[in-house]
Amino acid sequence: MEFLISKEELTRRKKAFSTLLASVAVGLLLSSLLLDFKISIYGWLFFVIMLLFSITITFHFFNSISGLRIDISEKEIKKIDKKKIGTFLLSDIKSIKVKRRTNGVIREIYITFNNRKELIITALEEHFEDVKDLIVSKAGGGILLKETRELIDFDHPLFYSILGLPISFASVLFIKLIISLDHLQTKYILFACSLYVLAMGAYFFIKRPMLIRFGREYTFADYIFGFMIICGGIFLFLVGLSL
């Protein structure tokens, strides 16, 4: 049986991402006023450029995965995109983890295999229960099946509208804290932040989450994001060294 990515779910995710960015922008404006922190014209220009870049990259990515298909036969799962086909044997399945929303609807299915392969199936929406039942029935009884339910309704219309506000306030407070510290304290904080950012970048290179979710065609996205994040970590480290 073949299952297609839900266009409605991709549209919802685009709206959620846009709402989050708008919330961050409003949060930066409010926090700069309430916390008496003036953001220069260059700071706003940098933010707008990053905003447009993020929207362009994210929307292009969502559009590129809109043609993904999941095909489940008697012996294997095929993840098919415009250029490549990923094949996973049902007999190799080690465990299946089903993540559900607060309303019980499946958000994604995470599958691990005995050959260390991993597969994440997402954005199938109305077909998810059929996909889960089909995979479980064909994989056999020796697999580990685990279901979890999210504690927060991430799909609520107000969630992303509100989320950007504390992110912005925390960012401005962190910058004010850095400015108020002496050079030695600032150096240590920047070093700690750079290590954390470098670890995040390494995660994209090692775990390659985009590849697991959407196939080998999207490996480049893992490397691009990982490279950008690592560059940010190196930048923070060099700034700390210069103090």
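In this report, we go over the structure that sits alongside the text. (Residues numbered from 1 in each chain as written. Predicted model: local features only at pLDDT ≥ 70, side-chain atom pairs only at ≥ 80, totals over all residues. Heavy atoms only, no water.)

## Considerations on the packing of aromatic side chains
The final tally for this structure, using the stated rule, is 7 aromatic pairs. Arranged with centres 5.3 Å apart and planes meeting at 25°, the rings of Phe88 and Phe113 form a pair that is stacked. Residue Phe88 is found in strand 4 (residues 85-89), and its partner Phe113 is found in strand 6 (residues 106-113); the two are separated by 25 residues along the sequence. The two residues Phe88 and Phe113 agree in class, both being buried. A ring pair is formed by Tyr203 and Phe204, whose centres lie 5.9 Å apart and whose planes are at 85°; its orientation type is edge-to-face. For Tyr203, a relative accessible area of 42% translates into the label partly exposed. Each residue in the set Phe154, Phe159 and Tyr160 is aromatic and connected to the rest through ring pairs, giving one cluster. In this structure, Lys14 packs its charged tip against the face of Phe59, placed 5.7 Å from the ring centre. Sitting over the ring of Phe88, Lys117 keeps its end group 5.4 Å from the ring centre. (Phe/Tyr/Trp six-rings, centres within 6.5 Å; stacked < 30°, edge-to-face > 60°. Helix = DSSP H or I, 4+ residues; strand = E, 2+ residues; numbered from the N terminus. Buried < 20%, exposed > 50% of the residue type's maximum accessible area, 1.4 Å probe, protein only. Lys NZ or Arg CZ within 6 Å of the ring centre and 35° of its normal.)

## So, the state of the cysteines
Taken as a whole and assessed by the stated rule, the structure comprises 0 disulfides. Note on Cys231: no disulfide assigned, nearest cysteine sulfur contributed by Cys193 at a separation of 17 Å. (Disulfide = S-S within 2.5 Å.)

## Some words on the nonpolar core
Formed by 31 residues in total, the largest nonpolar core has its most connected members in Ile77, Ile93, Ile111, Ile121 and Ile135. When contributions to this core are tallied by element, the ones reaching two or more residues are helix 2 (41-64), strand 2 (69-72), strand 5 (93-100), strand 6, strand 7 (118-122) and helix 3 (128-139). Here this core takes 5 residues from helix 3, the largest share from any one element. Beyond its immediate chain neighbours, meaning those up to four positions away, Ile111 contacts Ile77, Ile93, Ser95, Ile96, Lys117, Glu118, Leu119, Ile121 and Ile135. (Core = buried A, V, L, I, M, F, W, Y, C linked by side-chain atoms within 4.5 Å. Contact = heavy atoms within 4.5 Å.)

## Overview of the pattern of salt bridges
Applying the stated rule across the entire model yields 18 salt bridges. The salt bridge partner of Lys132 is Glu129, with a shortest N-O separation of 4.0 Å. Within this pair, Lys132 and its partner Glu129 are both found in helix 3, separated by 3 residues, close to a single helical turn. The salt bridge partner of Lys132 is Glu147, with a shortest N-O separation of 3.4 Å. Of this pair, Lys132 sits in helix 3 while Glu147 sits in strand 8 (residues 144-149); the two residues are 15 residues apart in sequence, bridging distant segments of the chain. Connected through shared salt-bridge partners, Glu9, Arg12, Arg13, Arg101, Arg107, Glu125, Glu150 and Asp155 make up one network. (Salt bridge = Lys/Arg side-chain N within 4 Å of Asp/Glu carboxyl O.)

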